[in-house]
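# Overview (structure and organization)
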Number of protein chains: 2
Amino acid sequence: MNSLKMRPFLRAAFLVPVLLFLLLAPEARAEGPDWRSQGIVYNASSPQAKVHTVPIRAVKMGEGFWSARMRTNVEQSIPSLLPLLESHGVLDNFRRLSSRKAAARRGPLYTDSDIYKWMEAVAFVLQSGDQPALRAKLGQIIDEVVAAQEPSGYLNTYYVQERESLRFTEMHRSHELYCLGHLLQAGIAYYRATGETKLLDAGRKYADYLVQNFGPDKKPALTGHPELEMALVELYRTTGERRYLEFAGYLLGGDRMRLNLTDDQVRYMFSGIPFTSHRKFEGHAVRALYASSGATDYFAETGDEEYLRALAILWRDLVDRKMYVTGGVGSRAAGESFGEPYELPNATAYAESCAAIANMMWNWRLLLVSGEARFADVMERALYNGVNSGMSLSGKLYCYRNPLESAGEDVRAPWYDTTCCPPNLERTFASIPGYLYGTSPAGIYLHLYHSSTLDWHLEDGTGLSLVEETDYPWNDTITVTVKPAQPTEFSVFLRIPGWAQKAKVTVNGQPAQPPAKPGEYLEIHRVWKTDDKIRLTLDMSPRVVMANPRVREDLGRVALERGPLVYCLEQLDFVAQDSVSDVSLPLGPDPAKGFITESRPDMMGGIVVIKHKGIAAPKPLSEEPLYRAWSKGGSKGSHEVDLTFIPYYAWANRLPSPMEVWVPYTTESPRSRGR
Amino acid sequence: MNSLKMRPFLRAAFLVPVLLFLLLAPEARAEGPDWRSQGIVYNASSPQAKVHTVPIRAVKMGEGFWSARMRTNVEQSIPSLLPLLESHGVLDNFRRLSSRKAAARRGPLYTDSDIYKWMEAVAFVLQSGDQPALRAKLGQIIDEVVAAQEPSGYLNTYYVQERESLRFTEMHRSHELYCLGHLLQAGIAYYRATGETKLLDAGRKYADYLVQNFGPDKKPALTGHPELEMALVELYRTTGERRYLEFAGYLLGGDRMRLNLTDDQVRYMFSGIPFTSHRKFEGHAVRALYASSGATDYFAETGDEEYLRALAILWRDLVDRKMYVTGGVGSRAAGESFGEPYELPNATAYAESCAAIANMMWNWRLLLVSGEARFADVMERALYNGVNSGMSLSGKLYCYRNPLESAGEDVRAPWYDTTCCPPNLERTFASIPGYLYGTSPAGIYLHLYHSSTLDWHLEDGTGLSLVEETDYPWNDTITVTVKPAQPTEFSVFLRIPGWAQKAKVTVNGQPAQPPAKPGEYLEIHRVWKTDDKIRLTLDMSPRVVMANPRVREDLGRVALERGPLVYCLEQLDFVAQDSVSDVSLPLGPDPAKGFITESRPDMMGGIVVIKHKGIAAPKPLSEEPLYRAWSKGGSKGSHEVDLTFIPYYAWANRLPSPMEVWVPYTTESPRSRGR
């Protein structure tokens, strides 16, 4: 801890839990306790935080939906990705610098960030509990990374030797600051896992080099691929050193004039001009959402209302016009970019895994500064669907793109030359426990539901355990046993998902007051005593969803959701020969009728499928003409087929197969169609 | 004519009209009469031709739809494009070579083809009747072009001087053979207009240079941008020199191995591999359709059945899966290329004007070798809509892209740096009279209807005039007065458009037998005598058309057609504030009900508009959420609006305005929607 000055606490209330923690935690180290209480982000002292995070270590995951995925992540994904990073030279790129070996550098210029993200993933795993072998491996890699750092602090494996003269001269493409951002995040996560600062110190040294040489009165800087903004705010939160926050502000302010950036560059990078001047999402989706995440962090610390205004406008632009129903974002492969409003094509959707993750990260940050459940809704939508689809059930294959319709091409691969998504998915899955709960001076928040035990405390220091039992998202009931250290008056904030129209909440069997409203946190304020029981029941009926008619490819189609999960049809589940492209879903005045849910523990790790009758065209539509006279009721001779919907995240985990999220519907009964 | 050896006539029957023509035409020149009898293509001796062309000069256009456009073309388009070609250096690129001036070459490497197409347009105009000033101007330009030709025959303004060493080394991009193709077509058109061979001789000299140096046993060649194939077959038809046909066959055969072409190059260029191996359209749309046109010409001369098989498969791929309802083709801006089957997005449609022209050119050629009306249907669809939209009503602005939906961006410009479309539109409009009629040994064909007089002859030499009176496509009646030199037994083949379900035909007031079938030529065989009258009545009711449900963006939408015209909605015609994006068309069991057609001579040069009630969303859809629960009947509070459809070709001729061809429909009445 020598090199870290802890930020002075702004809230006296926080001293109490920290002191208690020191007393209670036998493994607390004398140098400073704070790292153990820091969550995915650490906003305990952020002036604008409405909800504070809970450290990953305070949450023990029970059996369930995410713990199975997390186990696969630790046992399959993380161990299998490292050899691939090795065999593609990502670590040798560091070793050749410290050992001065002649071997050439390999891979695109941003590969450093790939190993940093992998390291951050491992650090999050270690925050859930020590794993000596994994920890030792990570320690060794940290040594190898740090050994490549130059005395100045500069640490990047691409801009070295013959390319040294190009350092910081082409920041619109160099990813130098992007890589530093991921270095810092890995260093911070490792510190929060172990209290060790070696990697963090290395990142900080590089950051110091940057701050000393760049800025308003120094040389101009540009993130190019925003990411460092988030990392610098987190470095500020971790160290208390305000210069990192200020440098994040400088980057977010944009230094376009001195950098001679073109309009196209500024648009694509979503950086270089004042963040507060943005009024719509455009350009590269991951860049734009990382910038927005950093801007939200910056607002959390500074309270600059200009940021809040821009963030509010951008959020509406995203959720009203540019987000897939899966939480995926980025409509176009060209430039991995946002499209125009309502440009949300399904088959050609880019919807990069990293962009869904960035969407989740941003909405998480908005939730923290607002306490508003609408942000948790988007976060959950992205996590369960557009993020979750990115990693195969085996844990060893990844989607870069996450389209909502497919002709059956093989979308999953163990490796991409630009391999940003795999370690990004791994760090996200490893950090899930940190997203479940939160605190405010008023009490405790439940954001995402999963079987788990929370061992933490209220903000006044009162010890608090929660035991959450649920099979969410498969089943409809969540029970929470509240265990305060002593009977205490506080609020439990239960998130009622926006889709949960008929949520019921009881406390010790009595209906809670006020009644639950979808899309809000239900505040249950009372004197809580040990073993008080909350029971939340959510309506898990399948829901038929339509898109705004302006979404060109979704007109005449519906999507199916159940709980937080979006469903899809895969050709593999068709018994008959009909093509998934040629069926439609008959819907009556009550669209919920006719759906049968069926638990299938045998399928893809255990899923709930949804069945419904469908209508298939009399002959393959590929044999019909391209244009013909319209007539009510469609073609003669349609026939019924059995449709089996599976959760979208589970698609492409068997054989490659055509898939469709948005299914054409008809409001005419099969019988009336055979005119 | 010294340098031209005429091809021996294969059909003795043809000698008769030629001899008659020589006797009757006072301006016939001693050197050879043939040029006056040659149409847009000259297939009188093509072994596989089922229908032969009629020269442009034989058709005198009456007042009507196309003659108005043609007048604008001659008076506005052609004269205004030349100064733009001049000011962009297109002609100076030639002059600098003959005068050895130092000025640098300007523009992309294919600018030669732009002036060649303009020259061809002028030549087609001259085929309709002499215009001394235009002819003099063209003669002067021909002199300037030919002056730049090297003694070897090589003629290209880009691969000269410092780039001379690159000649024929980068044929996948060089457009050298593409430019030669357009040079030949211009030379042939000018020859057919005037009998003068200066330009044709220059092109032929260049073609000879090519044939001498390239080929199976010589250096490998590649068109790269197909076009020369068509031109070489036409050169063969014009000169009788079989080596040009053989070289076209060599190019169509592809020389991939010797050229080291990649898969991507072959796909994009639609050349380099045997044309007969193609089974689907892919890559650059204009390239693919020019190649197909050349292949059809090649089949017409050789009868190689492999070509016919490939052409038949490709045609089905186009019309069943890859053609817009406007006859436009090329779904993607990226690579100006075809998309996957049913990938026909509306707003992002590329549908380059040149591709619609190429579609028309190809179907014209397929019609000539088959005599089947389905090809004329596609030709007409493209000409009236996707080609016609490419030139503004003013004649001075052009669309490069012809999308089927627009947010109101300005799509028309007087100039493009790649200015292929403007002169291509001009040459197409100038050649329209040549598409109206055809002959076969059995009689006379009427392909496209327009007020006009044909002065020509049957293939046995009997003189024949036709006087066609019609206001097609606005009105439903076409009368044809048949005037054979003497009473003669032959057939009149009347094209019954595929859309014309209730076509009625009378001859001298008596119903023709057999009755007309849509999508076929009605053969009326009899002894025709002077002033026999045919009357064709077509059902001009508006037609509601749907696309195959596999077309993602057209599901839940319909398009409106009347006669050969596709209609659209433009925001400008909305009285109320509702957005064109937010209305739908209510359709009952008889979709034809509720439409009112209205002749509007005051609008855009005189059009027929179609009116219908529409349903508008209660508030702008931009204020509605992106996703919501589906419910039957849509939102409460919808209201009626007046919809005015205008012909698609006329869009974007007032102020820039949002536009839509495919309009959402509803089968619920307005009243039942306010639930």
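Residues numbered from 1 in each chain as written. Chains lettered and ligands numbered in written order. Predicted model: local features only at pLDDT ≥ 70, side-chain atom pairs only at ≥ 80, totals over all residues. Heavy atoms only, no water.

## Focus: the interface of chain B and chain A
Taken together, the 47 residues of chain B in the interface contact 47 residues of chain A. Of the roughly 4100 Å² buried where chain B meets chain A, counting both sides, 59% is carbon and sulfur surface. Considering only the surface of chain B that becomes buried against chain A, Leu626, Tyr627 and Trp630 of chain B emerge as the three largest contributors, covering 23% of it. Counting across the interface, chain B meets chain A through four salt bridges. In this structure, the salt-bridge partner of Glu405 of chain A is Arg552 of chain B, at a minimum N-O distance of 2.9 Å. Our count for the contact surface shared by chain B and chain A stands at 24 residue pairs in polar contact (both at pLDDT 80 or more). No other element matches helix H13 (residues 305–322) of chain B, which puts five residues into the side of chain B that touches chain A. Considering only residue class, the side of chain B that touches chain A consists of 28 nonpolar, seven polar and 12 charged. (Contact = heavy atoms within 4.5 Å. Buried area = accessible area lost by both parts, 1.4 Å probe. Salt bridge = Lys/Arg side-chain N within 4 Å of Asp/Glu carboxyl O. Polar contact = N/O pair within 3.5 Å; in protein donor to acceptor, adjacent residues only side chain to side chain. Helix = DSSP H or I, 4+ residues; strand = E, 2+ residues; numbered from the N terminus. Nonpolar A, V, L, I, M, F, W, Y, C, P; charged D, E, K, R; others polar.)

## Side note on the sheet that holds strand E6 (residues 437–440) of chain A
All names here are of chain A. One open sheet accounts for five strands, arranged E1-E6-E7-E11-E14; its pairing is mixed. Here the strands that pair on one side only, and so sit at the sheet edges, are strand E1 (52–53) and strand E14 (520–528). Here E6 runs beside strand E7 (residues 443–446); their pairing, made up of four bridges, is antiparallel. When the bridges of E7 are listed, Thr439 appears paired with Ile444. Most of the contacts of helix H16 (residues 373–387) go to strand E11 (residues 488–496), to which it runs at about 50°, and overall it touches E11 and E14. (Pairing = 2+ DSSP bridges. Axes fitted to C-alpha atoms, helices over the stretch in contact; angles between N-to-C directions.)

## Comments concerning the relation of the copies chain B and chain A
The relation between the two chain copies is a rotation about an axis coupled with a shift along that axis. After a rotation of 180° and a shift along the axis of 0.1 Å, chain B superposes on chain A with an RMSD of 0.1 Å. The transformation relating the two chain copies, once decomposed into turn and shift, fits a two-fold axis. A share of 100% of the interface residues of chain B reappears at the interface of chain A, consistent with the copies meeting face to face through the same patch. (Least-squares fit on C-alpha atoms with pLDDT ≥ 70 in both.)

## Remarks on the sheet that holds strand E9 (residues 463–470) of chain A
Residue and element names in this part refer to chain A. The antiparallel open sheet is built from seven strands, whose spatial order is E2-E8-E9-E10-E15-E12-E13. Edge positions in the sheet fall to strand E2 (59–61) and strand E13 (510–511), since each has one partner strand and no second. In this sheet, strand E10 (residues 477–484) lies alongside E9 in antiparallel orientation, the contact comprising seven bridges. In the sheet register, Leu464 faces E10, and the bridge partner there is Pro484.

## With respect to the packing of aromatic side chains
Inspection of every chain in the model, using the stated rule, returns 64 aromatic pairs over all chains. Note on Phe94 of chain A and Tyr116 of chain A: the rings are 6.0 Å apart at their centroids and 55° apart in plane angle, and the pair reads as tilted. On the criterion of sequence distance, the pair formed by Phe94 of chain A in helix H3 (residues 92–98) and Tyr116 of chain A in helix H4 (residues 111–127) is long-range, its members being 22 residues apart. Judged by its relative accessible area of 0%, Phe94 of chain A falls in the buried class. A connected cluster of aromatic rings, assembled from ring pairs, spans Phe65, Trp66, Tyr384, Phe429, Tyr449, Tyr472, Trp474 and Tyr649 of chain A. The ring of Tyr158 of chain B is capped by Arg163 of chain B, whose NZ or CZ atom sits 3.8 Å from the centre of that ring. Lying across the ring of Trp315 of chain B, Arg374 of chain B places its NZ or CZ 4.7 Å from the centre. (Phe/Tyr/Trp six-rings, centres within 6.5 Å; stacked < 30°, edge-to-face > 60°. Buried < 20%, exposed > 50% of the residue type's maximum accessible area, 1.4 Å probe, protein only. Lys NZ or Arg CZ within 6 Å of the ring centre and 35° of its normal.)

## Focus: the confidence of the model for chain A
Residue and element names in this part refer to chain A. For chain A, the average pLDDT comes to 93, and 94% of its residues sit at 70 or higher. Of the regions scoring below 50 in pLDDT, residues 1–33 engages in 61 contacts with residues more than four places distant in sequence or in other chains. Within the model, pLDDT remains below 50 along residues 671–675, and this stretch shows 12 contacts once partners closer than five positions in the same chain are excluded. (pLDDT = per-residue confidence, 0-100.)

## Points about the environment of Arg96 of chain A
Residue and element names in this part refer to chain A. Within the element layout of this structure, Arg96 appears in helix H3. With 435 residues separating them in the primary sequence, Arg96 and Asp531 have C-alpha atoms 58 Å apart. Arg96 has contacts with Lys101, Ala103, Ala104, Arg105, Thr157, Val160 and Gln161, leaving out every residue within four places of it along the chain. A polar contact of 2.7 Å, which involves the side chain of Arg96, links it to the side chain of Gln161.

## A closer look at the environment of Tyr416 of chain A
Residue and element names in this part refer to chain A. Tracing the backbone through its elements, the reader meets Tyr416 in the loop between strand E5 (412–413) and helix H17 (421–430). Between the C-alpha atoms of Tyr416 and Ser406, which are 10 residues apart in sequence, the distance is 20 Å. Once you skip the residues sitting within four places of it in the chain, Tyr416 turns out to touch Tyr398, Cys399, Tyr400, Val411 and Pro422. At 3.3 Å, the side chain of Tyr416 and the backbone nitrogen of Tyr400 are in polar contact. At 3.2 Å, the side chain of Tyr416 and the backbone oxygen of Val411 are in polar contact.

## Some details on the nonpolar core
Among the nonpolar cores identified, the biggest contains 235 residues, and Ile115 and Met119 of chain B are the most heavily contacted of them. If you tally residues by element for this core, the top one is helix H14 (residues 353–370) of chain B, at 13 residues. Ala193, Leu210, Phe490 and Ala652 of chain A belong to the second-largest nonpolar core, a separate cluster that totals 233 residues. (Core = buried A, V, L, I, M, F, W, Y, C linked by side-chain atoms within 4.5 Å.)

## Description of the pairing of strand E12 (residues 504–507) of chain B
Residues and elements named next belong to chain B. Inspection of the sheet shows E12 paired to strand E15 (residues 532–537) by four bridges, in the antiparallel sense. Residue Val507 lies in a different strand from E15, and its bridge partner there is Ile534. Bridge count for E12 against strand E13 (residues 510–511) is two bridges, and the pairing is antiparallel. If you follow Val507 over to E13, its bridge partner there is Gln510. Counting the residues that bridge the hairpin from E12 to E13 gives two residues, and of these Asn508 lies at a positive phi of roughly 50°.

## Some details on unusual backbone geometry
Glycine aside, a negative phi is what most residues show, and trans is what most peptide bonds show. Backbone torsion omega between Gln513 of chain A and Pro514 of chain A reads -10°, so that peptide bond is classified as cis. Mapped onto the secondary structure, Pro514 of chain A falls in the loop between E13 and E14. The residue after Tyr472 of chain B, namely Pro473 of chain B, is reached through a cis peptide bond having omega 5°. Mapped onto the secondary structure, Pro473 of chain B falls in the loop between strand E9 (463–470) and strand E10 (477–484). We note that Asn260 of chain A has phi near 60°; this positive angle belongs to a residue other than glycine. Take Asn260 of chain A: it is sitting in the loop between helix H11 (256–259) and helix H12 (263–269). Assessed through its relative accessible area of 67%, Asn260 of chain A is described here as exposed. For Glu336 of chain A, which is not a glycine, the phi torsion comes out positive at approximately 45°. Summarising the element assignment, Glu336 of chain A is placed in the loop between helix H14 (305–322) and helix H15 (353–370). Residue classification places Glu336 of chain A among the buried residues on the basis of a relative accessible area of 19%.

## Side note on the pairing of strand E18 (residues 565–570) of chain B
All names here are of chain B. Taken across its six residues, E18 has six buried, putting it largely inside the fold. What you see with E18 is no split at all: Leu565, Tyr567 and Leu569 on one side and Val566, Cys568 and Glu570 on the other are buried throughout. Two elements, strand E17 (residues 557–562) and E18, share two bridges in a ladder whose sense is antiparallel. Directly across from Glu561, in E18, lies its bridge partner Val566. Pairing between E18 and strand E23 (residues 639–647): three bridges, direction antiparallel. Looking at E23, one finds that Cys568 is bridged to Ile646. Direction of pairing for E18 relative to strand E24 (residues 659–660): antiparallel, over a ladder of two bridges. Each bridged residue has a counterpart across the sheet, and for Leu569 the counterpart in E24 is Glu660.

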